[in-house]
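The residues making up each chain are set out below.
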Amino acid sequence: MDLQIALLLAQDGITNGAIYALLALALVLVFAVTRVIFIPQGEFVAFGALTLASLQVGKTPGTLWLLLGAGAAVALVDLLLVVKRGSYRSIPRIIGWNLVYPALAAAAVYLLKPAEMAMPLQIILTLALVVPLGPMVYRLAFQPLAEAPVLVLLIVSVAVHLALVGLGLLFFGAEGSRTPAFSEASLRLGDIAINGQTLWVVGASIALIVVLYVFFERSFYGKALRATAMNRTGARLMGISTVMAGKLSFLLAALIGVLSGILIAPITTIYYDTGFLVGLKGFVGAIVGGLASYPVAAAGAVLVGLLESYSSFWASAFKEVIVFTLIIPVLVWRSLTTHHVEEDE
Amino acid sequence: MDNEGKPILEVSSLCVSYGKVEALHQASLTVGAGQIVTVIGPNGAGKTTLLNAIMGLLPKTRGDIRFLGEPQPEIEVERMVAGGMSLVPESRALFGGMSVADNLQLGAFMRHRRGHRDHPETMEQVFNIFPRLRERREQEAGTLSGGERQMLAVGRALMAKPRLLLLDEPSLGLAPLIVKEIFRVIADLRQTGVAILLVEQNARAALQVADYGYVLELGEIALEGAAPELADDPKVIESYLGLGGAAQAASSRSKPAAS
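Attention in this report is confined to the structure presented alongside it.

How each quantity is defined
Residues numbered from 1 in each chain as written. Chains lettered and ligands numbered in written order. Predicted model: local features only at pLDDT ≥ 70, side-chain atom pairs only at ≥ 80, totals over all residues. Core = buried A, V, L, I, M, F, W, Y, C linked by C-beta atoms within 7 Å. Buried ≥ 20, exposed ≤ 12 C-beta atoms within 10 Å, placed from the backbone. Helix = DSSP H or I, 4+ residues; strand = E, 2+ residues; numbered from the N terminus. Contact = placed C-beta atoms within 7 Å. Nonpolar A, V, L, I, M, F, W, Y, C, P; charged D, E, K, R; others polar. Pairing = 2+ DSSP bridges. Axes fitted to C-alpha atoms, helices over the stretch in contact; angles between N-to-C directions. Expected span 1.5 Å × (residues − 1). Parallel < 35°, antiparallel > 145°, perpendicular 65-115°, else oblique. Left-handed = near helix turned anticlockwise from the far one by under 90°.

Let us look at the nonpolar core. Formed by 172 residues in total, the largest nonpolar core has its most connected members in A:Ala24 and B:Leu166. Element by element, the count of residues in this core is highest for helix H1 (residues 3-34) of chain A, at 15 residues.

Next comes the structure, spelled out in structure tokens:
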């Protein structure tokens, strides 16, 4: 391998690593706040990429039906609860978010001719269609189990993942899609041509990480999420409801997932089930950070990206094996260095 | 004493069970506006259960709770916080990895959510009550000493500008000097108009600051009365005021016999 190839592989690894880092951050966030290991994270990546691709070729993305269906289901569950409790003040909010909003999204898809829109608008429409599925999934699958042990939440998480992969096949078919690059520009650094999309991915990832950092460090709601992760009872006593924190963390995770999907769609062909593998690599990064430390998780994810890219050069058949084997030394090291903490709930 | 108007909190015949075990049986108590009311009793009597049930952390089996004159059929923590109730739990439940200032700020989360953006002023007031917290404002809560943690827990609860403050064993595990300071602050809080329901094993200190007291034994209210009267009650002296009180108890028992 000469230097040029090494640098090209590094570029590739960092691009993928940036995406894995975003996903790792989302996984750490969701786990810290809700104790859910968010396996369906990858489906949001795939749904984001495939929804954008569908919109661009003028097809109605299947995620629209999912949004309408999930919205109706959430509305039904919440309205039944309202009737049971007899407190009717929240009815307009329930109907607004779960029935009116999806209907507006459907109207936008049918009336605005997304195929002719500028790409930024298509991206915004994709976000508007897929991101709300995050809190809806939380409401339907995880909110009723808020007090359940981690293992039960994990099993439900796997179930949600399988259901969403199945729906992905139904919505988008077995063929993969690719979207055009955000820009055709490329940068030459000495002998190395840096791909424009690489710059987009790395730049957008860094920007998103900075925004998340500011959100968690400075804003009231960001601090509330961190507080919930640190001490659930304490947070409830401040009036930070577990449900609100759960929905907010799922919203952020879905947002990160969909953005990641949109960012990598021009680089790799995305199939309905591609998300799972991408999500798992983010998970390896998150494990390096012990599902607790954001910076270590992000660094671990970049390491995963680099490892993947170099192993695809030297031993491409064993690429995935090498990446996922990374988990074993990390787990051994962690179990030797950290003392076991009993779960407090 | 400021006893006019409706009571802040009325609890009647409250029962709470853990599975089949009843931890609280038919407990009734009242906290008047601006009053400090204490519930004393031994370990395991159900004191924490009582507070947690009032706050909504635990579901009640039976009984009624009226807060600010309004019945509360379904008690939810968030609703109670929004209504002006703050609980300082026995565990303090601080956000250990966050700074003192962030902990305090989150105390005002519900007010912020409801559109009251006055947490910087409230934080100044809390710093005036606990000057030590001002010095430590950038320090992580997890690195504070026991006394400072308790001050932060109380300060954080005050950030919500509560009408009723529930304190669960504020003296637990603290050095005597710090206990004294905490109780001085509790007594001073009377001036701010907040009503306080204080649960304590340290009966002597609690009865000194309180207006009214209840004795909780095996999940039931065994005794109640104005705090000074309870402090003189031979049963209370014998069971709760400890060794120092035993001599006094003996003398106070012998007095009526002699007369």
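On we go from here.
Here the focus is the interface of chain B and chain A. Between chain B and chain A, the residue contacts involve 21 residues of the former and 16 residues of the latter. Those elements that provide at least two residues to the side of chain B that touches chain A are helix H2 (77-83), helix H3 (100-107) and helix H4 (109-113) of chain B. Of the residues contributing to the side of chain B that touches chain A, the split by class is 12 nonpolar, five polar and four charged.

So, on to the sheet that holds strand E2 (residues 21-31) of chain B. Each strand in a sheet pairs with another by means of backbone hydrogen bonds, the pair being arranged parallel or else antiparallel. Residues and elements named next belong to chain B. Spatially, the four strands line up as an open sheet ordered E2-E1-E4-E5, and their pairing is antiparallel. Each edge of the sheet is formed by a strand with only one pairing partner; in this case those strands are E2 and strand E5 (70-71). The pairing of strand E1 (residues 9-18) with strand E4 (residues 62-67) spans five bridges and is classified as antiparallel. Along E4, the bridge assignment pairs Glu10 with Arg66. Relative to E2, helix H1 (residues 47-55) is tilted by about 70 degrees, and along the sheet it contacts E1, E2 and E4.

Turning to H1(A), a few remarks are in order. Compared with the 46 Å implied by 1.5 Å per residue over 32 residues, the 45 Å span of H1(A) between its first and last C-alpha is a close match. Looking at the residues trailing H1(A), positive phi occurs at A:Arg35, about 65 degrees.

So, about the packing of helix H2 (residues 41-56) of chain A against helix H11 (residues 242-264) of chain A. Residue and element names in this part refer to chain A. As a packed pair, H2 and H11 sit with axes 7 Å apart at the nearest point and diverge in direction by 50 degrees. If you check the angle between H2 and H11, you find them oblique. The chirality of how H2 crosses H11 is right-handed. Of H11, the residues touching H2 (which contributes Gln41, Phe44, Val45, Ala46, Phe47, Gly48, Ala49 and Leu52) are Ala253, Ala254, Gly257, Val258, Leu259, Ser260, Gly261, Ile262 and Ile264.

Residue and element names in this part refer to chain B. Two elements, E1 and E2, share seven bridges in a ladder whose sense is antiparallel. Following the sheet pairing, Val16 is matched in E2 by Leu24. Here E1 folds back onto E2, and the loop between the two strands holds two residues, one of which, Gly19, carries a positive phi near 60 degrees.

What follows concerns the environment of A:Ala18. Residues and elements named next belong to chain A. Assignment of secondary structure puts Ala18 in helix H1. Looking at Ala18, the number of C-beta atoms within 10 Å reads 25, which means it is buried. Ignoring anything within four residues of it in the chain, the contact list for Ala18 reads Val201, Val202 and Ser205.

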